[in-house]
Structure formats: C-alpha cells, structure tokens
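One letter stands for each residue in the lines below.
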Amino acid sequence: NVLNSTTLNDAKAEDALERRDALLAELRALAAAYPADAAVRGRLAHGLLNTLNDARAKAAPERRDALLAELRALTAASPADAFVRERLAMGVFITLNDAKAEDALERHDALLAELRALAAAYPADAAVRKLLVLGLVGVGVDRAQEAAEEGTIEEKFASLRAEIRDLAETHPDDPFLAEWVGKLK
C-alpha cells in the first residue's frame, strides 16, 4: 500500500530505488486524482522530503532541487495544509544548508529569504518559525569567521539577534524563540 509510509522507507532501506521512485510516482498520481485528501497530500509531502534528503546524501543536487520544486508546488496548491508546509520548510532548510556547503551564497540567501517569507505568510506556524530561527542561527555561525576577520562580527550578529528578538516579541508564548533569545544575549 503506497499510503503506508514504511513502504517508501523500506524501498530506500533495501536500496530498491526504482521501486521507491515507482511508489513516489503512484503517490503523485493519487494526489493528482484526490487533491482534497490531506492524508494523500501528507504522504506525498513526506515522501518528497525523504527522497530530497536521500538525493542530498547521494550528492544529486538536480534531483534535490526538483523535489524541492515539487514541495513548493504542493504547498502552493494547498496553502492551508500545515503538514505539507512544514515539509516544504524542512526541504528549504536542508537545501539552505547544502547551498552553504556548495558555496552558493546567493542561493543560500534566496533560500533564507524563502524561509522568512514562509514565516511571514504563516505567522502562527511554529514549525516554520523554528526552521527560520535555525536558519538564522546557522547564518550567524557560518559567517562568524568572516565577520571576525573583517572586524564586523558585532554588526552582523546584531541584525540576526534583532530579527530573532522581533520574532520572539511577536510570539511571546513560543518557548523555542524565548530559548534562543536567551542564548543570543
């Protein structure tokens, strides 16, 4: 049964990648036939994210990017589906980290902007906010060495701290944000 998430995972674990891709194609077909079915959308989003992660591990950036584009389209088709949106945010976050590793700074900044836009469009979505904060913290850590060499470390961290602090002020009941504000003092 393609709706059983372990089926895709089993195919991956068995290194039966053709079977995994066939199951993913079946999920795509089901999602196209039943676009209002949240369970089908969720399984597809989960399968796309897992396959994106696998493409990342196998150093297949074109496949990773194509899967991310599918997650974007799935989210655009069902903007109220928080589960699908969270999988998109995870995919963007994963790809953001890859862009850093690939030394693709413009792409890295565009992906961070995409996380910011998701968080702004869905301000009540704590999972998206969390991934944005982790992305911002990652930017701070990544650029700390560069900033230290330039003598601009305080300036660069001040803007990241301010952005996280603004998020925490907007969402005072979010313990994750409160924790990071405390860490960044």
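Above this text sits the structure in question.
Let me sum up the structure you'll find in this document.

About the thresholds
Every chain begins its residue count from 1, and numbering advances along the sequence as written. Reporting in this predicted model follows two pLDDT cut-offs: at least 70 for local features of residues, and 80 or more for side-chain atom pairs to be given and counted; totals over whole chains, interfaces and linings ignore these cut-offs and use all residues. Only hydrogens and water are set aside when side-chain values are computed; all heavy atoms of the structure are taken into account. Labels follow the DSSP assignment, with helices taken as runs of H or I lasting at least four residues and strands as runs of E lasting at least two, numbered in each case from the N terminus. Summary of the burial criterion: residues with accessible area below 20% of their type's maximum are buried, those above 50% are exposed, and those between are partly exposed, where the area comes from a 1.4 Å probe applied to protein chains only. Whether two residues are in contact is decided by their heavy atoms: any pair within 4.5 Å suffices. Residue exposure ignores everything except the shown protein chains as possible cover, and the areas themselves are Shrake-Rupley values with a 1.4 Å probe. In the analysis that follows, any N or O atom pair within 3.5 Å is treated as a polar contact, provided that within protein one partner can donate a hydrogen and the other can accept it, and provided that, for residues neighboring in sequence, both atoms belong to side chains. By definition, the arc is the one covered by directions from the helix axis to the C-beta atoms. For helices, the fitted axis covers only the stretch in contact; all axes are lines through C-alpha atoms, and the angles between them, taken along N-to-C directions, range from 0 to 180 degrees. Angles are sorted into four bins: roughly parallel if under 35 degrees, roughly antiparallel if over 145, roughly perpendicular if 65 to 115, and oblique for all others. The nonpolar core is taken to be a set of buried Ala, Val, Leu, Ile, Met, Phe, Trp, Tyr and Cys residues, with the residues joined through side-chain atoms within 4.5 Å.

Summing up its helical and strand segments, the chain has nine helices and zero strands in all. Scanning the chain from its N terminus toward the C terminus, one meets helices and strands in the order α-α-α-α-α-α-α-α-α. With 185 residues in all, the chain has 40% of them scored as buried. The long-range fraction of contacts in the chain, counting pairs at least 24 apart against all pairs at least 6 apart in sequence, stands at 55%. Here the chain has roughly 9,600 Å² of accessible surface; of this, 56% comes from carbon and sulfur atoms.

Its location among the elements puts serine 78 in the loop between helix H4 (61–77) and helix H5 (82–101). A residue is classified by how much of its surface remains accessible, and serine 78, at 11% relative accessible area, is buried. Only 3.3 Å separates the side chain of serine 78 from the side chain of arginine 41, close enough to count as a polar contact. Apart from residues lying up to four places away in sequence, serine 78 is in contact with Pro35 and Arg41.

On to the side chain of glutamate 114. Considering the arrangement of structural elements, one finds glutamate 114 in helix H6 (residues 105–121). Among the polar contacts listed, one links the side chain of glutamate 114 to the side chain of arginine 72, at a separation of 2.7 Å. Not counting residues up to four positions away in its chain, the partners in contact with glutamate 114 are Arg72, Leu88 and Val92.

Buried within helix H9 (residues 175–183) we find Phe176, Leu177, Trp180 and Val181. Along the long axis of H9, the arc covered by the buried residues comes to 135°, so they all point the same way. The backbone nitrogen of phenylalanine 176 lies 2.9 Å from a side-chain oxygen of the residue at the head of H9, namely aspartate 174.

Now for unusual backbone geometry. Of note, alanine 59 is a non-glycine position whose phi angle comes to about 55°, a positive value. Looking at the secondary structure, you find alanine 59 in the loop between helix H3 (38–57) and H4. Despite not being glycine, aspartate 103 shows a phi value in the positive range, around 60°. Along the chain, aspartate 103 turns up in the loop between H5 and H6. A relative accessible area of 62% places aspartate 103 in the exposed class.

Let's shift gears to the packing of H3 against H5. To characterise two packed helices, one gives the angle between the axes of the helices and the distance between these axes. Contact geometry of H3 with H5 gives a least axis separation of 9 Å together with a crossing angle of 10°. Between H3 and H5, the crossing angle belongs to the class labelled roughly parallel. Of H5, the residues touching H3 (which contributes Arg41, Gly42, Ala45, His46, Leu49, Leu52, Asn53 and Arg56) are Phe83, Val84, Arg87, Met90, Gly91, Ile94, Thr95, Asn97 and Asp98.

On to the nonpolar core. Counting residues in hydrophobic clusters, the biggest one holds 42 residues, and the most contacted among them are Leu44, Leu48, Leu71, Leu115, Leu132, Val133 and Ile164. Within the residue set of this core, elements represented by two or more residues are helix H2 (17–33), H3, H4, H5, H6, helix H7 (126–150), helix H8 (153–170) and H9. Top contributing element to this core by residue count: H5, with eight residues. Excluding residues within four positions of it along the chain, leucine 44 makes contact with Leu24, Leu27, Arg28, Ala31 and Leu74.

Attention shifts here to the environment of alanine 59. Overall, the relative accessible area of 65% leaves alanine 59 in the exposed class. Alanine 59 sits 39 residues away from aspartate 98 along the chain, and the two C-alpha atoms are 9.8 Å apart.

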